[in-house]
Amino acid sequence: MRLRKKMAKKLSIIFMALWLTGCAPFTENNIIEELTPVTFLSLSKGDEGKIKISTILPSLSKEKKSVITQEVSLIKEVLRSFNLNFYQEMKFGQMRMLIINEDLGRNEGIMSIINVLLTDPDISLRIYLVIVKGNFEEYLENQLDKQENLDYSFYRMLKHYEEKNQGELSVVNLHEFKKLLYTPYSDPFLPVFKIENDAISYEGTALFQNDKLVEIITTYDDRIFQLLHNDHYLAVLPIPELQVVLGHVRSKTKVDINKSLSTMTYTVNIDSRIEEYRGEKQLFDPQDLEDFKKDIQSNLEKQTQELVKKMQELNVDPLQLGIHTLKPFSKPMDEKKWIELYKKMDIKIKYNININPLTDANSKRQNL
Amino acid sequence: MEALQLFNKNETYNGFYAMLMVNRLQMLYFFLIMPRFLIHSYMIWVIIAVGILSQLNILLLSKWFLTRFSSEGYNGFVQLFGKKLVRLLSFIGLFFILLKLFVILLGFSEMVQIFMFPATDSNWLIFFILLSCLYVAWKGVEKTIRFVVISFLCTFWMFLFFAFFFFPPIAQLSDLYPIIPMELSVDSWKGIFLILSSFSGPEFLVFLGPWFKTNNKTFRYLSYGNALTVIEYVFLYMASLFYFGSNYLSKSQFPIVTMARYFQNPVIERIDMVMLSLELFNIVFAVSIFLLLFYGASKIASGKMERPPSRVGFLFSVFIILIGMILVNEWIWKSDEKQVILLNLQILAGSLSYLVVPITMIVVMKIKGFNKHETTKEDG
């Protein structure tokens, strides 16, 4: 016992000496009252090659929130500029979203931005990357009075749609983006939101070639993209040309490439049901329904063909078609060779549609 | 002042403890960084092949355990090699232990610094970790061996978490293609050595023979430990291929911890921090064993085997290790170029010791003409 006491004494003397001499090993301030977590950063192009960065502070306490904006040449520089403007210290540990302006993505590429996020162990790999069209700072300033928790509700929306099979919009986090960027035979994509009349709404999907935004696909094209690649599910698919809305559309895709790698057959099997129809056809008649199916089929085939053609012309492959050239027992193709092949490849689109019989319409027919 | 009882033998442990020790000594620092160096998906087969090779070593080890020399400890070695050679060998062994200690502790404290305390000087982390190891080692070999149970319970379940990455949307089966090697590069050879060195560790059990109850079941238990390691390695490697894909994998410095950062939980956000902290139990266990082995070996090397272990001596040896570690940290570990040299050295030394030690023991016994059956201990 005496021995233990002696040991404890010795150790406590060592520790006291260390602390009293100011030789504290832990230097960072982590007192919660002194900190303000940043929930998102919005980046847009500033003057003379600078980047304009904005966020809302304070994000958590009950004080009145305000938008704070700085122009900096390096992203992490913003930490210093923000801290000099606010009485609490900013920390990135709770960052949930990175909102990038369209111009920045189009002109400069976003590799350097995401690299900054990846190297910081405090920043979660699950933060959402979002592209916005329009002035996000202005939107924040206008909207903050009306809707205090605007950043949180935006985050909740993304979180909600991230779950599988929502089939509404593309939600991509930092890791997914980076994996698509680094893996050969694939190009990344991000969701695009548009600011219009003090409202923010989903616009479509931004396609990237390497880290540069090259095209934004919207409405019908975007829905096809969701169906083919992202979620393989759509709650509703309106086809205005045919005056029909398909509901609960679930797709299964199959890709076949011929041996000389010149032709690819992309088959999409769809299970769905008609939710609404305002056209002339008598859908309770099996023959008419069959004709109608063929119409939908050719409409989707045409639209998809155009979308894929556009992707080929832009030389982007968000559908990861190249992956289908990989085989378990053969050497993977060189990435450059695949890009050459992809540009010239003849891609045939084929749809097989299965529509559930219309129960009520059928009963109507029996009454006739 | 009562004497320090570091190397006392009041009780012997059964094969279960040996199994846990084999497994935990194989799951040290290297498994945390290994996927980054393997990259290609066909390395899964190499892990399995090296696992089988390691199994052969385990067979030799268990044969050694069945002899009376193993239970006699130092005297057993003296009978086999002679006093002078034992002194020389333990002197050489000191370097192997030091190298392993340095790589494990420096590597782990670097991770702790990067992911948990970025503003803290890594020397402080080394000091604190070594302090906890000293506490465990101070309790003696018996208690330290017993500590493996805590270390196992704290860390074993972690690899099951990684099953999450086996399921879409991140995973794609094509991430595992091609599953057989189409061309072999120099890196592949390096990979083989890296895996072998990661599997090393059980060879140090040779010196802990007196504390183990050995019987015919020992081989079975040791094999279970080794097989568990193979499963954990393959599982973690496949998970990292699914998560990163081959190309991106080579760019990630600490793949396993980075993957742990992706886990999400509404209550605890930084699961990686919890995992790293628990992993510390495994590191503390291994380092404590190596501290004791280092002190024992230095006693033999300096010819002071007859004297009881002294407080000052043990503290002095740990102090030397601390100073050495801080110097290596400052001069070698912090510069990436030199760090690679140290890592490569450990990869070579680890592979070499794991291959050579069990073979030497068996060969020397054969040369000296000791018949296994004459020397076998009684069961139990």
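Residues numbered from 1 in each chain as written. Chains lettered and ligands numbered in written order. Predicted model: local features only at pLDDT ≥ 70, side-chain atom pairs only at ≥ 80, totals over all residues. Heavy atoms only, no water.

Participant: Summarise the overall build of chain B; cite the residues concerned and give the values.
Facilitator: A tally of helices and strands in chain B yields 16 helices and zero strands. Viewed in the frame of its principal axes, chain B has a C-alpha envelope of about 60 × 45 × 40 Å. By residue count, 56% of the 380 residues in chain B fall in the buried class. Contacts in chain B between residues at least 24 apart in sequence constitute 86% of all its contacts with a sequence separation of at least 6. When the accessible surface of chain B is totalled, it reaches about 16,400 Å², and 68% of it is carbon and sulfur. Between the averaged position of the 29 positive side-chain charges in chain B and that of its 21 negative side-chain charges there is a distance of 9 Å. (Helix = DSSP H or I, 4+ residues; strand = E, 2+ residues; numbered from the N terminus. Buried < 20%, exposed > 50% of the residue type's maximum accessible area, 1.4 Å probe, protein only. Contact = heavy atoms within 4.5 Å. Areas by Shrake-Rupley, 256 points an atom, 1.4 Å probe, with all protein chains shown as cover. Lys, Arg positive; Asp, Glu negative; His and termini not counted. Charge placed at Lys NZ, Arg CZ, Asp CG, Glu CD.)

Participant: Please set out the side chain of D175 of chain B residue by residue, giving values where relevant.
Facilitator: Within the element layout of this structure, D175 of chain B appears in the loop between α9 (158–161) and α10 (186–199). In terms of polar contacts, D175 of chain B uses its side chain to reach the side chain of K179 of chain A, at 3.0 Å. For D175 of chain B, the residues in contact, after removing those within four places along its chain, are K179 of chain A together with S41, I170, L241, F242, G245 and S246 of chain B. (Polar contact = N/O pair within 3.5 Å; in protein donor to acceptor, adjacent residues only side chain to side chain.)

Participant: Describe the packing of helix α3 (residues 43–65) of chain B against helix α11 (residues 218–249) of chain B, with residues and values.
Facilitator: All names here are of chain B. Taken N-terminus to C-terminus, the directions of α3 and α11 make an angle of 165 degrees; their axes are 9 Å apart at the nearest point. Classified by the angle between their axes, α3 and α11 sit roughly antiparallel to one another. As α3 runs across α11, the sense of the crossing is right-handed. Between α3 and α11, the residues in contact are M43, I44, I47, I48, G51, S54, Q55, I58, L59, S62 and F65 and T218, F219, L222, S223, N226, V230, Y233, V234, Y237, M238 and L241, respectively. Class assignment of the residues belonging to the contact of α3 with α11 gives a composition of 15 nonpolar, seven polar and no charged. (Axes fitted to C-alpha atoms, helices over the stretch in contact; angles between N-to-C directions. Parallel < 35°, antiparallel > 145°, perpendicular 65-115°, else oblique. Left-handed = near helix turned anticlockwise from the far one by under 90°. Nonpolar A, V, L, I, M, F, W, Y, C, P; charged D, E, K, R; others polar.)

Participant: How would you explain the environment of F152 of chain B if you had to name every residue and give the values?
Facilitator: Residues and elements named next belong to chain B. Considering the arrangement of structural elements, one finds F152 in helix α8 (residues 141–155). When the C-alpha atoms of F152 and V312 are compared, they prove to be 31 Å apart, with 160 residues separating the residues in sequence. Ignoring any residue separated from it by four or fewer positions in sequence, one finds F152 in contact with L20, N23, R24 and L228.

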